[in-house]
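Chain residues, written in single-letter form:
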Amino acid sequence: MSPDRDILFAVLEAREYRVKMRNELLALYKKSVITASLNIPGPDKGAVCYEPVFNILWNLLIAREKEFNIEYTVRNKTPLGYEGFIVLDREAIILKKLGLSLEAEHPLGALFDVDVTDSDGTRISREDLGSSPRPCIVCKENPAFLCIRGKKHTLEDTLNIIHTMIGDYFLHKGALRK
């Protein structure tokens, strides 16, 4: 099997795992489930440089533990990158609003992906809350899905933007400590 084909199969298996895990948590707890991950294009979604970014997202979500009655958490690293599941006894719409605010307001929020599924298994979308589609991280002019579908930007350009964003964030954060 070719390396590209191996990566494709690994990604497909990881997607199946993500869906299976979410469905098992929904069946077991019958509560809302947050699936936290990062929007990273390309085959190297689990690169070590992305772990601190995921940790920030995870910690922002877990910090609300008392407010949101977190019942279960688990984190993984798969071919899809870093991901985590959080089971909460809270209305899914409220959780999705939190996710959208993190995505919009945090300096690294464009990389955050907070999916929310309600206790009945219905995924809550941005559109369900009247929010516009996620903007493209490169041009910020179009919805991201249009740029991805139309291959408007190269993988290299997109990763350069992402790595600059991460570097600038941690450089600035380090400068604040001095």
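Placed above this text is the structure.
Numbering of residues begins from 1 in every chain and follows the order in which that chain's sequence is written. Totals for whole chains, interfaces and linings use all residues, but because this is a predicted model, local features are given only for residues with pLDDT of at least 70 and pairs of side-chain atoms are given and counted only at 80 or more. Side-chain measures were taken over the full set of non-hydrogen atoms in the model, leaving aside hydrogen atoms and water.

A.B. asks: Tell me about the pairing of strand β4 (residues 112–117), and please be specific about residues and values.
C.D. replies: Only protein chains enter the accessibility calculation, which uses a 1.4 Å probe; a residue whose area is less than 20% of its type maximum is buried, one above 50% is exposed, and one in between is partly exposed. For the purposes of this entry, the term helix denotes a DSSP run of H or I that reaches at least four residues, the term strand denotes a run of E that reaches at least two, and both are numbered from the N terminus. Across the six residues that make up β4, a large majority, six, are buried. Across the two faces of β4 the burial is the same, with Phe 112, Val 114 and Val 116 and Asp 113, Asp 115 and Thr 117 all buried. One ladder, built from six bridges, connects strand β1 (residues 32–38) with β4; its direction is antiparallel. The residue bridging Ser 37 from the neighbouring strand is Asp 113, located in β4. By this definition, two strands are paired if DSSP reports at least two bridges between them. Sheet analysis places β4 next to strand β5 (residues 123–124), joined by two bridges and oriented antiparallel. Within β5, the position partnered with Thr 117 by the bridge is Arg 123. Here β4 hands over to β5 after five residues, with Gly 121 in that stretch at a positive phi of 95°.

A.B. asks: Can you break down a nonpolar patch on the surface residue by residue, with the values?
C.D. replies: There is a patch of nonpolar side chains on the surface, built from Leu 8, Phe 9 and Leu 12 and spanning about 260 Å² of accessible area. Relative to the assigned elements, Leu 8 resides in helix α1 (residues 3–29). Patch criteria: residues need more than 30% relative accessible area and no salt bridge. Like-charged residues are merged within 9 Å; nonpolar side chains of Val, Leu, Ile, Met, Phe, Trp and Tyr are merged within 5 Å. In short, Shrake-Rupley with a 1.4 Å probe defines the accessible areas, and a residue's cover is counted only from the protein chains shown. Salt bridge, as applied in this entry: a Lys or Arg side-chain nitrogen positioned within 4 Å of an Asp or Glu carboxyl oxygen.

A.B. asks: Residues and numbers for the layout of surface pockets, please.
C.D. replies: In this structure, the largest pocket encloses a volume near 1400 Å³. In terms of lining, the largest pocket is formed by 45 residues, of which the most central are Asn 39, Ile 40, Pro 41, Lys 45 and Ile 148. Listed by contribution, the elements that provide at least two residues to the lining of the largest pocket are α1, β1, α4 (92–105), β4, β5, α5 (144–149) and α6 (155–177). For the lining of the largest pocket, the element with the most residues is α1, which contributes eight residues. Throughout, the ten residues Ala, Val, Leu, Ile, Met, Phe, Trp, Tyr, Cys and Pro are labelled nonpolar, Asp, Glu, Lys and Arg are labelled charged, and all others, Gly among them, are labelled polar. Here the lining of the largest pocket is built from residues that sort into 23 nonpolar, seven polar and 15 charged. Of the voids in this model, the second largest pocket is the one considered here, and its volume is about 150 Å³. Residues are said to line a cavity or pocket when one of their atoms sits within 4 Å of a point; the points come from a 1 Å grid over protein atoms alone, cavities being sets where a 1.4 Å probe fits but cannot get out and pockets being open sets with protein on both sides within 12 Å along at least five of seven lines. Looking at the second largest pocket, the residues that line it are Leu 100, Glu 103, Ala 104, Gly 109, Ala 110, Arg 126, Ser 132, Pro 133, Arg 134 and Pro 135. Here the lining of the second largest pocket is built from residues that sort into five nonpolar, two polar and three charged. Grid points are joined across faces, edges and corners, and a volume is the space filled by probe spheres set on the points.

A.B. asks: Give a description of the packing of aromatic side chains that names residues and reports values.
C.D. replies: Each aromatic ring pair is described using two quantities: the centre-to-centre distance and the angle formed by the ring planes. Note on aromatic pairs: the rings of Phe, Tyr and Trp (six-membered ring only in Trp) are paired at centre separations within 6.5 Å, and the planes decide the class, stacked below 30 degrees, edge-to-face beyond 60, tilted for the rest. Enumeration over the complete set of coordinates arrives at four aromatic pairs. Residues Phe 54 and Tyr 82 carry aromatic rings whose centres are separated by 6.3 Å and whose planes lie at 25° to one another, so their mutual orientation is stacked. Of this pair, Phe 54 sits in helix α2 (residues 51–62) while Tyr 82 sits in strand β3 (residues 81–88), and the two are 28 residues apart along the sequence. Summarising the burial analysis for this pair, Phe 54 and Tyr 82 share the class buried.

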